[in-house]
Amino acid sequence: MRPTNITRNIGGWLTEAEGHYLYETAKKVKKGNAIVEIGSWKGKSTICLGLGSRDGRGVKIVAIDPHTGNSEHRRRFGKVNTFAEFKRNIHKAGVSPYIESILDTSENASHTFYGRVGFIFIDGAHELKSVWSDWKLWFPKVIDNGIVAFHDTWHYPGPNFATAIILLTSHHVRHPRLVDTITCFEKVEKNFFLDRIQNTCFVLYRTLVGFWGAVKLSYSSRA
Ligand SMILES: C[S@@+](CC[C@H](N)C(=O)[O-])C[C@H]1O[C@@H](n2cnc3c(N)ncnc32)[C@H](O)[C@@H]1O
C-alpha cells in the first residue's frame, strides 16, 4: 500500500509525491545511521519516513518538534499542542517502534544528538533565521552521501533563500532535485566544478518553477 493512503486523513501540507519521496529515501538509509525529522506536526511526514524505515533497514527516526506549532499556525489556530494527536497517528500507522520523538526545538536537540545522520528532512519553523540555524547545526552530523531535504522551498522565502544560498555557495552538496516543494540534495566531502554548475542551474530552474507556481496560485485563488 502507498504510504500516502495511510496518511491521507492526517492534517498537514505534504503532497502525495513528497510523501512517496520521503518513504523511498527512508527505505534506503543504511543501518547505523539515523533519519532526522525537524517539524512533525501531526505525524504525516513522520509516518511516511517510518513506513520507509520499516520496509527498509529499520533505522531509527528522530522526530524533533516542540509540538507548539509555527508562528503562522499560532496566528491561525491560537494555542497549539499537536503531541497527543501525533502520538495517536504514529501508533495507529504501526510505526511507533521506529520513532524516537523529541519534544524540543531543533536547536536544543542538536546539542545532545551525537549520532550519524543518513537522511534529514527539515520542515520546522520557516523563518530564514530558523531554517539557516537548522542547516548550520545539523549539516555537520550528516554523513557523506547522506541526503538533506527541505520542505516548502519554492513558495516560502525562508526555505527558498536558505536552499538557494546553500546550492550557490557550498562545496559540499551535489545532485539537487525538486519533488513538488521539496528541495533535496546529497552531501559530499567536496563537490566538483560541474556539480557547482548543476547546482546553479537548478536554482535558476527552481526560480522559474516558483514563478509559474505563484502565477497558478494567484489564478486559482481568484477563481
Ligand atoms: C509545517 S509543520 C511540519 C509538518 C510535517 N512535517 C508534516 O509534513 O506533516 C512545522 C512544525 O515545526 C514545528 N516547529 C516549529 N519550530 C520548531 C523548532 N524550532 N524546532 C523543531 N520544530 C519546530 C512546529 O511545532 C510544527 O509542528
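Data block above holds the structure.
Values in this document were obtained by computation on a predicted structure and should not be read as measured data.

Visitor: What should I look at first to understand the overall build of the chain in this one?
Guide: Counting secondary structure elements, the chain contains nine helices and seven strands. Its C-alpha atoms give the chain a radius of gyration of 17 Å, within 12% of the compact-globule value 17 Å for 223 residues. With the principal axes as the frame, the chain shows a C-alpha extent of 50 × 45 × 35 Å.

Visitor: Where do I start with unusual backbone geometry in this structure?
Guide: In terms of backbone geometry, most residues other than glycine have negative phi values and most peptide bonds are trans. Phi is positive for W41, which is not a glycine, with a value near 55°. Turning to its location among the elements, W41 is positioned in the loop between strand 1 (34-38) and helix 3 (44-55). Given 24 C-beta atoms within 10 Å, W41 falls into the buried group. With a phi close to 60°, H67 is a non-glycine residue in the positive phi region. Within the element layout of this structure, H67 appears in the loop between strand 2 (61-64) and helix 4 (71-77).

Visitor: What is the right way to look at the site of the ligand in this model?
Guide: Neighbouring the ligand are 23 residues; G12, G39, K44, S45 and G124 lie closest to it. Here the shell around the ligand is built from residues that sort into seven nonpolar, 13 polar and three charged.

Visitor: Would you explain helix 8 (residues 157-169) in this entry?
Guide: Think of an α-helix as 3.6 residues a turn; residues three or four steps apart then line up on the same face. Over its 13 residues, helix 8 runs 18 Å from end to end, which matches the ideal 18 Å to within 8%, given 1.5 Å per residue. Regarding helix 8, the residues found buried are P159, N160, A162, T163, I166 and L167.

Visitor: Even after reading the chapter, I still don't get the environment of C201, so can you show me in this structure?
Guide: Mapped onto the secondary structure, C201 falls in helix 9 (residues 193-222). What makes C201 exposed here is the crowd of 12 C-beta atoms within 10 Å. Here the alpha-carbon distance between C201 and C48, two residues 153 residues apart in the chain, equals 30 Å.

Visitor: Even after reading the chapter, I still don't get the sheet that holds strand 2, so can you show me in this structure?
Guide: Pairing between the strands of a sheet is mediated by backbone hydrogen bonds and can be parallel or antiparallel. The strand order 3-2-1-4-5-7-6 describes an open sheet built from seven strands, whose pairing is mixed. Both edges of this open sheet fall to strand 3 (99-102) and strand 6 (173-179), since each of them pairs with a single strand only. Each strand of the sheet is rotated relative to its neighbour by a mean of 15°, with strand direction disregarded. Pairing of strand 1 with strand 4 (residues 117-122), which is carried by five bridges, proceeds in the parallel orientation. By the bridge assignment, I35 is partnered in strand 4 with F119.

Reading guide: rules and limits
- Residues numbered from 1 in each chain as written.
- Predicted model: local features only at pLDDT ≥ 70, side-chain atom pairs only at ≥ 80, totals over all residues.
- Helix = DSSP H or I, 4+ residues; strand = E, 2+ residues; numbered from the N terminus.
- Rg over C-alpha atoms; globule rule 2.2 N^0.38 Å.
- Buried ≥ 20, exposed ≤ 12 C-beta atoms within 10 Å, placed from the backbone.
- Near = placed C-beta within 6 Å.
- Nonpolar A, V, L, I, M, F, W, Y, C, P; charged D, E, K, R; others polar.
- Expected span 1.5 Å × (residues − 1).
- Pairing = 2+ DSSP bridges.
- Axes fitted to C-alpha atoms, helices over the stretch in contact; angles between N-to-C directions.

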